Amino acid sequence: MSASPIVEFREVTKRFGDGPLVLDRINLAARPGEFISLIGPSGCGKSTLLRLVAGLSPISSGALTVGGLTPDAAAAELAFVFQEPTLLPWLTVARNVELAPRLRGSSAAARAATSQRVLDLVRLGDRAGAYPRQLSGGQKMRVSIARALALAPKILLLDEPFGALDEMTREHLNEELLAIHASAAWTAFFVTHSVAEAVFLSNRILVMSANPGRIHTEIRVDLPAARTAETRLSRAYHDLVADVSRLLRSVEIAAA
Amino acid sequence: MSSRLLRIVLPATTGALVIAAWYGFHFWLDAELRFLLPTPGQILAAFRDNGDALARAALNTTEGALLGFGLAALVGFLLAVGLSLSSLVRASLYPYLMILQMTPIIVIAPILVLWVGAGLKSVTVITFLICFFPLVVNTTQGLVSTDRNLVELFAMWRASRWQQLVHLRIPAALPYFFTGLRIAATLAPIGALVGDYTAGSSDGDGGGLGFQAIIYNSQAKYPALFATAAVTCVLGFLFTAAVLALSWFALHHWHDSYERSDR
């Protein structure tokens, strides 16, 4: 692929104040549309890496470009999905989804059309008028994803979005997320603790090590592009999960 | 017996027992001391005899209580927003708010009368002073304890400070504001009564319940004094009920305090 990278890290380091190095010489180029998972022991800086891309925190040295711009200048191209659904409890589902476009001055008609479209994508079109507390954990996370999609982002940053959900719900949402990703063109950075999830979703998995945070190994996932629940039964999938798990365990033992 | 029925029967029984004990105690007292504890019947009679005066006084007190309460809600809310914007402002003003709260109103009431004049104005100011503190403290607390994750989300959206205040901090602080409002609602009629008691005036409107209490006391009309107390209770109850209704209206859609347990 010759497309220029949408996100590019060159020798990026990060430390908070005078503290220890959190990220050490990160080099990474993400192609448009790529789905990249970050996995590693806690303290390896994977969430910090997302926050750098989001411009929520400045880099300490090196160069980081997002769509050719600085992260701060590229903020409009990004959407973030947090571990918690972070919905505003006093707004209905539709109004939650419409809030960010509203803050950006989008018209009421455009907002309504967008929210209907993205809620249909996450199969919650019929719950537009509900309040968050009326939804299950999985549904809240779907709304959170719909809200991110409503910004029509070029890059979606997901920080352990399904970490708090049960296994079944998580697998369903993984499949839905991939289906939505296939129909759009955004690039995903996905932080997770689940090897199975990382293998199922990604084109590329970055296994990170801690103290300081480094990209330890980069693994290409050469499973077929169209993945379904069936994919989880395949030999290739299981081998990959086993390989990544072994690698991750060795990284974690080294860190301990 | 169903729990719903018990909820009616139990307090009714308590009430009946209290009234019976009340009568018992009244007649147990020596005859020349019985005036100290008028019976519920005598108090009811006092209502009948002093109805006009009590109604007028109640209206005047309500007016002062409403004005002071409304002013406290408005000023308290705005000041809380100001305090929430900067920890420097908070640090500069908080000690003096505390001092204001500690100042005994009864002591400064005579000065207030000199400043703003006796009657409704003084009553309003005193009610305001009593209601104001819980409103400021609670609302400020709410405005500065917004969920960190939501603040982060707004930062991610590059929302302006104003957008963050209007769309996030204020709605998130509403439950706290209503807690302050509920406390203030129980204080408002008492505040107005105290104000009226210390700074009231019969000029023009004939004074409020506090002023009426002074008159009945000086005339040794003790059943009427009890009736005045009862009217104040009812007023306090109405204030609280109104705020509870307002709070329900504003929060029941989304706030966990209105979560139905049978859902």
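The text that follows walks through the structure, step by step, so that each part is easy to find.

### Focus: the overall build of chain A
Part 1: For chain A, the count of helices and strands is seven helices and nine strands.
Part 2: On C-alpha atoms alone, chain A measures out to a radius of gyration of 18 Å, which is about the 18 Å that the 2.2 N^0.38 rule sets for 256 residues.
Part 3: The principal-axis extents of the C-alpha atoms in chain A amount to approximately 50 × 45 × 35 Å.
Part 4: Counting the 256 residues in chain A, one finds 44% classified as buried.

### Re the overall build of chain B
Part 1: Across its full length, chain B holds ten helices and zero strands.
Part 2: Listed N to C, the secondary structure of chain B is α-α-α-α-α-α-α-α-α-α in terms of helices and strands.
Part 3: Relative to the globule expectation of 18 Å for 263 residues, the C-alpha radius of gyration of chain B, 23 Å, shows a markedly less compact shape.
Part 4: Taking the principal axes of its C-alpha atoms as reference, chain B extends roughly 75 × 60 × 30 Å.
Part 5: Scored against the burial criterion, the 263 residues of chain B give a buried share of 37%.
Part 6: In chain B, the proportion of contacts linking residues at least 24 apart, taken out of those at least 6 apart, comes to 76%.

### A few points about the interface of chain A and chain B
How big an interface is tends to be stated in terms of the accessible area lost upon association of its parts.
Part 1: Facing the 15 residues of chain A at the interface are 14 residues of chain B.
Part 2: A per-class count over the side of chain A that touches chain B returns twelve nonpolar, one polar and two charged.

### A word on the nonpolar core
Part 1: Val53(A), Ala146(A) and Leu157(A) are the most contacted members of the largest nonpolar core, which totals 83 residues.
Part 2: With six residues, the top contributor of residues to this core is helix H4 (residues 137-149) of chain A.
Part 3: The contact partners of Val53(A), leaving out residues within four places of it in the chain, are Val7(A), Val66(A), Pro71(A), Ile155(A), Leu157(A) and Phe189(A).
Part 4: Leu54(B), Leu83(B), Ala109(B) and Phe128(B) belong to the second-largest nonpolar core, a separate cluster that totals 54 residues.

### Observations concerning the packing of helix H3 (residues 51-85) of chain B against helix H4 (residues 87-102) of chain B
Residues and elements named next belong to chain B.
Part 1: Two elements in contact, H3 and H4, have axes whose closest approach is 5 Å; the angle formed by their N-to-C orientations is 125°. When the axes of H3 and H4 are compared, the pair comes out oblique. On the side of H3, the interface is formed by Gly82, Leu83 and Leu85, while H4 contributes Val89, Arg90 and Leu93.
Part 2: When grouped by side-chain class, the residues that make up the contact of H3 with H4 number four nonpolar, one polar and one charged.

### Comments concerning the sheet that holds strand E7 (residues 187-191) of chain A
All names here are of chain A.
Part 1: Taken together, the six strands give an open sheet; going across it, the order is E5-E6-E7-E3-E8-E9, and neighbouring strands pair in mixed fashion. Two strands in the sheet have a free side with no partner beyond their single neighbour: strand E5 (78-81) and strand E9 (214-220). Strand-to-strand, the axes of this sheet are offset by a mean angle of 20°, without reference to chain direction.
Part 2: Sheet topology places E5 next to strand E6 (residues 155-159); four bridges connect them, and they run parallel. Paired with Val81 across the strands is Leu158, a residue of E6.
Part 3: Along the sheet, helix H7 (residues 235-255) makes contact with strand E3 (35-39), strand E8 (204-209) and E9, crossing E8 at roughly 15°.

### Here's the deal with the environment of Gly195(B)
All names here are of chain B.
Part 1: Tracing the backbone shows Gly195 in helix H8 (residues 161-199).
Part 2: Distance in space between the C-alpha atoms of Gly195 and Gly236 is 15 Å, their sequence separation being 41 residues.
Part 3: Excluding anything up to four places from it in sequence, Gly195 contacts Gly64, Ser122, Val123, Ile126, Thr127, Gly200 and Gly210.

### Considerations on unusual backbone geometry
Residue and element names in this part refer to chain A.
Part 1: Residue Pro212 is reached from Asn211 by a cis peptide bond, and omega for that bond is -10°.
Part 2: Looking at where Pro212 falls in the secondary structure, it is placed in the loop between E8 and E9.
Part 3: In this model, Glu11 sits at a positive phi of 50°, which is unusual for a non-glycine residue.
Part 4: Its place among the elements puts Glu11 in strand E1 (residues 7-15).
Part 5: You will see that Arg25, though not glycine, has its phi angle at about 40°, which is positive.
Part 6: Topologically, Arg25 is positioned in strand E2 (residues 21-30).

### Description of helix H6 (residues 120-144) of chain B
Part 1: Under the 1.5 Å per step criterion, the end-to-end length of H6(B) is 35 Å for 25 residues, consistent within 8% with the ideal 36 Å.
Part 2: Approximately 35° is the largest bend angle found in H6(B), and it occurs at Phe132(B), with the proline Pro134(B) only one to four residues beyond.

### Describing the packing of helix H9 (residues 209-218) of chain B against helix H10 (residues 222-251) of chain B
Residue and element names in this part refer to chain B.
Part 1: One can describe the packing of H9 onto H10 by two numbers: an axis separation of 9 Å at closest approach and a directional angle of 165°. When the axis of H9 is compared with that of H10, the two are roughly antiparallel. The element H9 and its partner H10 pack so that their crossing is left-handed. Judged by residue contacts, Leu209, Gln212, Ala213, Tyr216 and Asn217 of H9 engage Ala224, Leu225, Thr228, Val231 and Thr232 from H10.
Part 2: Considering only residue class, the contact of H9 with H10 consists of six nonpolar, four polar and no charged.

Conventions adopted
- What you see as residue numbers is a count from 1 along each chain, following the sequence as written.
- Each chain takes a letter, starting from A, and each ligand takes a number, starting from 1, following the order in which they are written.
- Thresholds applied to this predicted model are a pLDDT of at least 70 for local features of residues and 80 or more for the giving and counting of side-chain atom pairs; totals over whole chains, interfaces and linings are not thresholded and use all residues.
- Strands are runs of DSSP state E lasting at least two residues, helices are runs of H or I lasting at least four, and both sets are numbered from the N terminus onward.
- Taken over C-alpha atoms, the radius of gyration is set against a globule rule of 2.2 Å times the number of residues to the power 0.38.
- For the exposure call, what matters is how many other C-beta atoms sit within 10 Å of a residue's own: 20 or more marks it buried, 12 or fewer exposed, and in between partly exposed, using C-beta atoms placed from the backbone.
- A residue pair is marked as a contact if its C-beta atoms, positioned from the backbone, fall within 7 Å.
- All residues other than Ala, Val, Leu, Ile, Met, Phe, Trp, Tyr, Cys, Pro, Asp, Glu, Lys and Arg, Gly among them, are scored as polar; the first ten of these are nonpolar and the last four charged.
- As used here, a nonpolar core is made of buried Ala, Val, Leu, Ile, Met, Phe, Trp, Tyr and Cys residues. They are joined through C-beta atoms within 7 Å.
- Where helices are involved, their axes are fitted lines through C-alpha atoms of the stretch in contact, as for all axes, and angles between N-to-C directions lie from 0 to 180°.
- An angle below 35 degrees is read as roughly parallel, one above 145 as roughly antiparallel, one from 65 to 115 as roughly perpendicular, and any other as oblique.
- What makes two strands pair is DSSP finding at least two bridges between them.
- Expected helix span is given by 1.5 Å per residue-to-residue step, counting one fewer step than there are residues.
- The seven residues ending at a residue and the seven starting there each receive a fitted axis; the angle between those axes is the bend at that residue.
- Handedness of each helix crossing follows the sense of rotation of the near helix against the far helix: counterclockwise by less than a right angle gives left-handed, clockwise gives right-handed.

Treat this as a map of the structure, not an account of what it does.
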